[in-house]
Amino acid sequence: MYNINKLTRPAQKEVTKLLKIKISSDLDSQVHQDSVAIRQAVFVQEQNVPVDREVDADEGKAIYFTGYNDAGEAEATLRLLPESYGFHVQRVAVAKAGRGLGRGREMMTAAINYGKEHGAQSLQLGAQVHATGFYETLGFKFTAKPQFMDAGIPHREMIYTY
């Protein structure tokens, strides 16, 4: 027999304000420092991604987006790498305190809007397989590339076309 209390999802956290999203390509900026801190917590500590794989040679080429809550705390991040087609979305992460509040959607919407404003033809990303449904709700589609492993985590390549 199932315990119905264990089958129901916890109530959604109340969202009163949207994130203030700051963008920077300056590696000395607070935006980048906060981005790295969120990535370290999510990817290195929670998902066991090796630290040398998480902070990589593309740090200086990327545009960083970091979302801050009303208290000024960094809750979510992503980075965009400029490519000939537009941008490659990477390192999408939401800190534990921001989960269940739609923070990932806010960040991805900002990235999609940024790409459109900057003339991108498309955005591409390597989605962790468990998150592909989220990206599909934003309009991303699977490419023909088969599932692949990155840092020991299964991924699928996806594309958003403007």
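Nothing here was measured: the structure is a model prediction, and the numbers come from that model. (Residues numbered from 1 in each chain as written. Predicted model: local features only at pLDDT ≥ 70, side-chain atom pairs only at ≥ 80, totals over all residues. Heavy atoms only, no water.)

J.: Describe the pairing of strand 3 (residues 74–83), listing the residues and the values that go with them.
T.: Where burial is concerned, most of strand 3 is hidden: 7 out of the 10 residues are buried. Relative to strand 3, strand 2 (residues 63–68) is paired through 6 bridges, and the arrangement is antiparallel. Bridge assignment links tyrosine 64 to a residue of strand 3, and that residue is arginine 79. From the end of strand 2 to the start of strand 3, which pair antiparallel, there are 5 residues, and glycine 72 there has a positive phi angle of about 85°. As paired strands, strand 3 and strand 4 (residues 86–94) are joined by 7 bridges and run antiparallel to one another. Counted as the bridge partner of proline 82 is phenylalanine 87 from strand 4. As consecutive antiparallel partners, strand 3 and strand 4 are separated by 2 residues. (Buried < 20%, exposed > 50% of the residue type's maximum accessible area, 1.4 Å probe, protein only. Helix = DSSP H or I, 4+ residues; strand = E, 2+ residues; numbered from the N terminus. Pairing = 2+ DSSP bridges.)

J.: Could you give an account of the pairing of strand 2, naming the residues involved and the relevant values?
T.: Counting buried positions along strand 2 gives 6 out of 6 residues, so the element sits mostly inside the fold. Side chains of strand 2 alternate between two faces, with Ile63, Phe65 and Gly67 and Tyr64, Thr66 and Tyr68 buried alike. Of the pairings in the sheet, the one linking strand 1 (residues 20–24) to strand 2 comprises 5 bridges and is antiparallel in character. Within strand 2, the residue paired with isoleucine 21 across the bridge is glycine 67.

J.: Could you give an account of unusual backbone geometry, with specific residues and numbers?
T.: Backbone geometry at asparagine 48 places phi at a positive 60°, although glycine is not the residue there. Mapped onto the elements of the fold, asparagine 48 is located in the loop between helix 2 (30–46) and helix 3 (51–54). Note on asparagine 48: relative accessible area 60%, which makes it exposed. In this model, alanine 151 sits at a positive phi of 55°, which is unusual for a non-glycine residue. With respect to the helices and strands, the residue alanine 151 is situated in the loop between strand 7 (148–150) and strand 8 (153–161).

J.: Please provide a residue-by-residue account of helix 4 (residues 103–117), values included.
T.: Each turn of an α-helix holds 3.6 residues, which means side chains three or four residues apart point in the same direction. In a regular helix each residue adds 1.5 Å, so 15 residues correspond to 21 Å; helix 4 covers 21 Å between its end C-alpha atoms and thus fits that length. When helix 4 is considered as a whole, its buried residues turn out to be Arg103, Gly104, Glu106, Met107, Met108, Ala110, Ala111, Ile112, Tyr114 and Gly115. Count one or two residues on from helix 4 and you reach glycine 119, which has phi positive near 75°. (Expected span 1.5 Å × (residues − 1).)

J.: Account for the environment of glycine 72, with residues named and values stated.
T.: Assignment of secondary structure puts glycine 72 in the loop between strand 2 and strand 3. A sequence separation of 53 residues divides glycine 72 from leucine 19, and the C-alpha atoms of the two residues are 9.2 Å apart.

J.: Outline the confidence of the model for the chain, listing residues and values.
T.: The share of residues in the chain with pLDDT of 70 or more is 90%, and the mean pLDDT across the chain is 91. Low confidence marks residues 1–13, where pLDDT is under 50. Its contacts with residues over four positions away, or in another chain, come to 7 contacts. (pLDDT = per-residue confidence, 0-100. Contact = heavy atoms within 4.5 Å.)

J.: Describe the nonpolar core, and please don't skip the residues or the numbers.
T.: One finds Phe65, Leu80, Met108, Leu125, Tyr135 and Phe140 to be the most contacted residues of the largest nonpolar core, which totals 25 residues. Those elements giving two or more residues to this core turn out to be strand 2, strand 3, strand 4, helix 4, strand 5 (122–128) and strand 8. For tyrosine 135, the contacting residues outside a window of four places in its chain are Val92, Met108, Leu125, Ala127, Phe140 and Met158. Counting 6 residues, the second-largest nonpolar core is a separate cluster that includes Ile38, Phe43, Val49 and Ile153. (Core = buried A, V, L, I, M, F, W, Y, C linked by side-chain atoms within 4.5 Å.)

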